[in-house]
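# Residue-level structural notes
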There are 2 protein chains.
Amino acid sequence: MLKVVIIGTGRVAQHLFDALRSGTVAKVVQVIGRQSASLKRFDGTATHLIGDGQLAQADVYIIAVSDGAIAEVAQHLKTNSALVVHTSGGIPVNAISNHDRRGVFYPLQTFSSERAVDFGKVPICIEAKDAKDLKLLHNLASSISSMVYEIDSDQRKQLHLAAVFANNFTNHMYVLAQQICEENDLPFDMLKPLILETAQKIELESPLLMQTGPAIRHDVSVLQLHAELLGDGTRGAIYELISKSIQNQKHGLE
Amino acid sequence: MLKVVIIGTGRVAQHLFDALRSGTVAKVVQVIGRQSASLKRFDGTATHLIGDGQLAQADVYIIAVSDGAIAEVAQHLKTNSALVVHTSGGIPVNAISNHDRRGVFYPLQTFSSERAVDFGKVPICIEAKDAKDLKLLHNLASSISSMVYEIDSDQRKQLHLAAVFANNFTNHMYVLAQQICEENDLPFDMLKPLILETAQKIELESPLLMQTGPAIRHDVSVLQLHAELLGDGTRGAIYELISKSIQNQKHGLE
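A short tour of the structure in this document, coming up. Treat the numbers as computed from the prediction; the structure is a model and nothing was measured.

How each quantity is defined
- Residues numbered from 1 in each chain as written.
- Chains lettered and ligands numbered in written order.
- Predicted model: local features only at pLDDT ≥ 70, side-chain atom pairs only at ≥ 80, totals over all residues.
- Heavy atoms only, no water.
- Least-squares fit on C-alpha atoms with pLDDT ≥ 70 in both.
- Contact = heavy atoms within 4.5 Å.
- Axes fitted to C-alpha atoms, helices over the stretch in contact; angles between N-to-C directions.
- Helix = DSSP H or I, 4+ residues; strand = E, 2+ residues; numbered from the N terminus.
- Parallel < 35°, antiparallel > 145°, perpendicular 65-115°, else oblique.
- Left-handed = near helix turned anticlockwise from the far one by under 90°.
- Nonpolar A, V, L, I, M, F, W, Y, C, P; charged D, E, K, R; others polar.
- Phe/Tyr/Trp six-rings, centres within 6.5 Å; stacked < 30°, edge-to-face > 60°.
- Lys NZ or Arg CZ within 6 Å of the ring centre and 35° of its normal.
- Core = buried A, V, L, I, M, F, W, Y, C linked by side-chain atoms within 4.5 Å.
- Buried < 20%, exposed > 50% of the residue type's maximum accessible area, 1.4 Å probe, protein only.
- Buried area = accessible area lost by both parts, 1.4 Å probe.
- Salt bridge = Lys/Arg side-chain N within 4 Å of Asp/Glu carboxyl O.
- Polar contact = N/O pair within 3.5 Å; in protein donor to acceptor, adjacent residues only side chain to side chain.
- Pairing = 2+ DSSP bridges.

For the pair of chain copies, the relating operation is a rotation around an axis with a shift along it. In screw terms, the move from chain B to chain A is a rotation of 180 degrees and a rise of 0.0 Å along the axis, fitting with an RMSD of 0.0 Å. Here the symmetry operator amounts to a two-fold rotation axis. Of the C-alpha atoms belonging to chain B, the one lying closest to the rotation axis is found on Thr170 of chain B, 2.6 Å away. Both copies present the same face, since 100% of the interface residues in chain B are matched by interface residues at the equivalent positions in chain A.

The interhelical angle for the contact between helix H5 (residues 153-183) of chain A and helix H6 (residues 192-200) of chain B, taken along N-to-C directions, is 20 degrees, at an axis separation of 9 Å. The pairing of H5 of chain A with H6 of chain B is recorded here as roughly parallel in orientation. Of the two possible hands of crossing, H5 of chain A and H6 of chain B adopt the one that is right-handed. Here Ala163, Ala166, Asn167, Thr170, Asn171 and Tyr174 of chain A of H5 of chain A come into contact with H6 of chain B, specifically with Leu194, Ile195, Thr198 and Ala199 of chain B. Residues belonging to the contact of H5 of chain A with H6 of chain B are distributed by class as follows: 6 nonpolar, 4 polar and no charged.

Take the packing of aromatic side chains next. Applying the stated rule across the entire model yields 10 aromatic pairs over all chains. The interplanar angle of 55 degrees and the centroid separation of 6.2 Å between the aromatic rings of Tyr239 of chain A and Phe165 of chain B together place this pair among those described as tilted. In this pair, Tyr239 of chain A sits in helix H9 (residues 234-248) while Phe165 of chain B sits in helix H5 (residues 153-183), so the two residues belong to two different chains. For the pair Phe17 of chain B and Phe42 of chain B, a centre-to-centre distance of 4.9 Å together with 85 degrees between the ring planes defines the contact as edge-to-face. Linking Phe17 of chain B in helix H1 (residues 11-22) with Phe42 of chain B in the loop between helix H2 (36-39) and strand E3 (47-49), this pair joins segments that are 25 residues apart in sequence. Grouping aromatic residues by their ring pairs yields a cluster made of Phe165 and Phe169 of chain A together with Tyr239 of chain B. Between the NZ or CZ atom of Arg41 of chain B and the centre of the ring of Phe42 of chain B, over which it lies, the distance is 5.6 Å.

In this structure, Leu159, Phe165 and Leu191 of chain A together with Leu159, Phe165 and Leu191 of chain B are the most contacted members of the largest nonpolar core, which totals 80 residues. Here Leu191 of chain A is in contact with Ala177 and Cys181 of chain A together with Leu108, Leu159, Ala162, Ala163 and Ala166 of chain B, once residues within four sequence places are set aside.

The next subject is the interface of chain B and chain A. Between chain B and chain A, the residue contacts involve 92 residues of the former and 92 residues of the latter. Between chain B and chain A, a total of about 8800 Å² is buried, with carbon and sulfur atoms accounting for 69% of that surface. At the junction of chain B with chain A, the criterion picks out 2 salt bridges. Our count for the contact surface shared by chain B and chain A stands at 31 residue pairs in polar contact (both at pLDDT 80 or more). Contributions of two or more residues to the side of chain B that touches chain A are made by H5, H6, helix H7 (207-210), helix H8 (220-230) and helix H9 (234-248) of chain B. Counting residues per element, the side of chain B that touches chain A draws most heavily on H5 of chain B, at 26 residues.

Turning to the environment of Val65 of chain A, a few remarks are in order. All names here are of chain A. For Val65, the position within the fold is in the loop between strand E4 (60-63) and helix H3 (70-76). Separated by 53 residues in the primary sequence, Val65 and Val12 have C-alpha atoms spaced 8.1 Å apart. With sequence-adjacent residues up to four places away left out, Val65 is seen in contact with Ile7, Gly8, Ile70 and Val73.

Residue and element names in this part refer to chain A. Ordered in space as E3-E2-E1-E4-E5-E6-E7-E8, the 8 strands form an open sheet in which the pairing is mixed. Every other strand in the sheet has two partners, leaving strand E3 (47-49) and strand E8 (148-150) as the edge strands with one partner each. If you compare each strand with its neighbour and ignore which way they point, the axes differ by 25 degrees on average. Bridge analysis of strand E2 (residues 26-33) against E3 gives 3 bridges, and the strand direction is parallel. Within E3, the position partnered with Gly33 by the bridge is Leu49. In the packing of helix H4 (residues 131-142) onto the sheet, the strands contacted are strand E1 (2-7), E2, E4, strand E5 (83-86), strand E6 (102-107), strand E7 (124-128) and E8, and the crossing angle to E7 comes to about 165 degrees.

Here's what the structure looks like:
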């Protein structure tokens, strides 16, 4: 079995740990963190604090820490020429260039501590300098997910940007919708079936072809009414700009 | 049983027809449309073209046509003081003020011809001038959905605006994400699990508390990188404005 050490104890580390533990290809031999409290979650596996205790021998060291800490963690990681990967969408592989055998193991999903994720459907984006290491990462990724993609750092940068639109900005649309509801004594629950259906429809058809609403219809009277309701603030500016962007698209349903 | 006439043959009319037909409280006695081709879908029910043939007697006449046509259809509808409702989120009840007994029966969902919708989970927003009519609409709505809300025209206007953010604008975020993928030889399928999970998380926690990403983290280096990748066009402007709006929010995860 592939021996794996995970450095980090956050949401990505937790979900990755659970997924690897339930697989048959790899064994997590050690988890390393900054605080003993957060290490408690990794029951039955050797753990130690960063800089404290002996680093276990492993085939792959997975640095699953926040973007800003990756380079520093990599700097202090002394392996015997083992493969070292990080799990970030936004950081190039060369951020850990002190390791000759370096790579990326990026699970493209939003993880919450409260919600279990079916890792089998989490796309894992892998990258490595060396073909043999890429194969190793492919084995590791395939053992926990059916969606494995080899993409380089330039593509991953763009993918991460696309994910900001698909996740962060989409979530902010929910926030703005919720605020409008609350300001008008409307339960946000009313919008939840619509939000779910909107997401589920992408399985059916390209979102470009599924676009509906006053902007794509060029329904001037509704657009004006909404502008008046929203006023001059940030929300009004967002409404105007996104409506304009929708109208710039060539396709869309009436 | 309540007798219902549906005027309109589009997606809302179709889904409403199917839902009412499978219920036990109402019977659709007639469907009226503009084109005989689109009337064919309403098998086994009396149909006729607008302005052609006899209007059936009914307890409720449901005008399920596009926003711009509601007033005109209402104008030409000659009922014997029956209740007349429209199904639009964006149109006030008084758009059909030539009917003394008037109301709204607004199913808050995005309907596609290709996808079946579980109407039992579609919020139905009802409004009527008269208390007795409101009760009638409540009975009708409860017979097909477990989510029935009495809201007035001012609230519905705001709800419709909130739905533009939750549905139309969210879908446009998917479009922009898809375009970034395609421009970089990345399959859009990679983002679909993320999009679904983002939507499903709203059942767990307020989206305001679930906000993640470079904007809420005030991660200046990623924000700058993304600005460079996007350039000066509409997409870049959207990125900047939504990031600013996220940062204006008080809460959010790190």
